[in-house]
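An overview of the molecular structure
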Amino acid sequence: TYFVASTDLLGAYRIDNMPAGKYSASIRKAGHVSVYRNQIVLGAAENKQETFEIAESGTGSIFGNVSSLVSEIGEIPVGRFSVSARVLLGTDIARFYSEVDADGAFSLDDLPSGSYTLTLNGWGSGYYPAQPQTVLLESNESRVERNFELEKYESGNASISVSVTGPDSIPISGAWVYLSSQSSKQRVYQSHTDSLGEVEFLNLPGGQYYVWASARGYLSSFRTTSLIDDTTTNLAVSLRAQGTSTL
C-alpha cells in the first residue's frame, strides 16, 4: 500500500488514516537528491513526526568501465548490468543508478559530495560477483574513476539441457532457469528457455547442482541434480499453473 503527500509552502506534510505497521519513506523534489528512510514503525492510533532534510543535486560524478566483460564477451547487451551508488546523507539514504552500456562504460552523474558504496549489479552468468568499492567525492564537483574486474567461473566438461513444460506438456518459452553449485554458492548460472522451452548450459564443472525454474503465471520448481564430466545431463521440469493445487 502506498501513501502520497505533497509539502506546503512551509515544507510541511501530513498523511492520515495509516494502519499500524513498518513503513519506508522516500522524498523527491526536482533539482534535489531523492532520499529514503527505512523501518519507520507506526503504532496503532499513533501520531508520528518524521522530519527530512534534502540537499540540492551536485555536479559530481563516478564513472568507469567493466573491462573484463568486454574482453570476454564483446558487446554487452544493454540492460544486463548496472552500477549503483549508495550514500548516507544525514540520517537518510540516497541511491543512484547507471546502466552499463554496450562498451562496458557507466557514469553516475549529478552527485553531491559524500562517501559512496559502489556496486556492480547484474546477472553476469559465468562470473563471480564483483566486490563493492568505496568512493569518496570530496566536493560537489568531484569526478572519480572506478573500474570493475570480474573473475570468470572455473570451466569444466559437463553440460546440462533443461526442458520446461506446463500443463499437458506444452513447452514454456522464456522461462528462467537457474543453476547453483552446491560446492560454491556464489557460482550461479542463469538463462531463459527458447521457443521450444529448452535451455542448455555448457562447460560446467562436474558436481552437485541446485536447479530452479520459474515463469510468469506458474509455480516455481526446485530440483537437485548431478553433472558428470564429459556428459550431457537431460533434465525435464514441469511447472504447475498458479492457482492450482494437488492432493
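So, a few notes on the structure that sits alongside this text. (Residues numbered from 1 in each chain as written. Predicted model: local features only at pLDDT ≥ 70, side-chain atom pairs only at ≥ 80, totals over all residues. Heavy atoms only, no water.)

1. Digging into the sheet that holds strand 6 (residues 105–111)
Sheet strands associate in pairs through backbone hydrogen bonding, adopting either a parallel or an antiparallel arrangement. Spatially, the 3 strands line up as an open sheet ordered 6-3-9, and their pairing is mixed. The open sheet has two edge strands with one neighbour each: strand 6 and strand 9 (143–145). Shown here is a sheet whose adjacent strand axes are inclined to one another by a mean of 10 degrees, direction ignored. For strand 3 (residues 60–65) and strand 6, the ladder comprises 5 bridges, and the chain directions are antiparallel. Paired with Gly64 across the bridge in strand 6 is Phe106. (Pairing = 2+ DSSP bridges. Helix = DSSP H or I, 4+ residues; strand = E, 2+ residues; numbered from the N terminus. Axes fitted to C-alpha atoms, helices over the stretch in contact; angles between N-to-C directions.)

2. A look at the sheet that holds strand 15 (residues 221–227)
Judged by pairing direction, the sheet is antiparallel, and its 4 strands sit side by side in the order 12-11-14-15 without closing on themselves. Strands at the two margins of the open sheet, each flanked by one partner only, are strand 12 (188–192) and strand 15. Pairs of neighbouring strands in the sheet enclose a mean axial angle of 20 degrees, with direction left out of account. Where strand 14 (residues 207–214) and strand 15 come together, 7 bridges link them in antiparallel fashion. Bridge pairing in strand 15 places Tyr209 opposite Thr225.

3. Section: the pattern of salt bridges
Counting across every chain of the model gives 4 salt bridges. The partner of Arg37 in a salt bridge is Glu50, and the shortest N-O contact between them spans 2.5 Å. Note that Arg37 is positioned in strand 2 (residues 35–42) and Glu50 in the loop between strand 2 and strand 3, a separation of 13 residues in sequence. Accessibility expressed as a relative area gives 13% for Arg37, which makes it buried. Because the salt bridges share partners, they merge into one network encompassing Arg37, Glu50 and Asp92. (Salt bridge = Lys/Arg side-chain N within 4 Å of Asp/Glu carboxyl O. Buried < 20%, exposed > 50% of the residue type's maximum accessible area, 1.4 Å probe, protein only.)

4. A short note on the environment of Tyr210
Relative to the elements of secondary structure, Tyr210 occurs in strand 14. Along the backbone, Tyr210 and Val188 are 22 residues apart, and their C-alpha atoms lie at a distance of 9.4 Å.

5. What to know about the nonpolar core
In this structure, Leu118 and Leu120 are the most contacted members of the largest nonpolar core, which totals 25 residues. Those elements that provide at least two residues to this core are strand 4 (81–89), strand 5 (92–99), strand 6, strand 7 (114–122) and strand 8 (133–137). In terms of residue count, strand 4 provides more of this core than any other element does, 5 residues in total. Look past the residues within four positions of Leu120 in its chain and what remains in contact with it is Val66, Phe81, Ser82, Val83, Val100, Ala130, Phe148 and Leu150. Among the nonpolar cores identified, the runner-up in size contains 22 residues, and Tyr128, Ala158, Val164 and Leu239 belong to it. (Core = buried A, V, L, I, M, F, W, Y, C linked by side-chain atoms within 4.5 Å. Contact = heavy atoms within 4.5 Å.)

6. Some points on the environment of Arg143
Along the chain, Arg143 turns up in strand 9. On the accessibility criterion, Arg143 (56% relative accessible area) is exposed. If we skip the residues at most four places from it in the chain, Arg143 touches Ser61 and Phe63. Reaching out from Arg143, the side chain makes a polar contact with the side chain of Ser61 at a distance of 2.8 Å. (Polar contact = N/O pair within 3.5 Å; in protein donor to acceptor, adjacent residues only side chain to side chain.)

7. Some remarks on the pairing of strand 16 (residues 232–238)
Residues Thr233, Leu235 and Val237 of strand 16 are buried on one face, while the alternating residues Thr232, Asn234, Ala236 and Ser238, pointing to the opposite face, are not. One ladder, built from 7 bridges, connects strand 10 (residues 158–165) with strand 16; its direction is parallel. Each bridged residue has a counterpart across the sheet, and for Ser161 the counterpart in strand 16 is Asn234.

8. A closer look at unusual backbone geometry
A negative phi angle is the norm for most residues apart from glycine, just as the trans form is the norm for most peptide bonds. The backbone of Asp168 sits at a positive phi, close to 60 degrees, despite the residue not being glycine. By secondary structure assignment, the location of Asp168 is in the loop between strand 10 and strand 11 (176–181). Under the relative-accessibility criterion, Asp168 is labelled exposed at 74%. Positive phi values are uncommon outside glycine, yet Ser169 reaches one of about 60 degrees. Structurally, Ser169 can be placed in the loop between strand 10 and strand 11.

9. Some points on the environment of Ser26
Relative to the assigned elements, Ser26 resides in strand 1 (residues 21–27). Along the primary structure Ser26 and Arg37 are separated by 11 residues, whereas in three dimensions their C-alpha atoms are 6.4 Å apart. Among the polar contacts listed, one links the side chain of Ser26 to the side chain of Arg28, at a separation of 2.9 Å.

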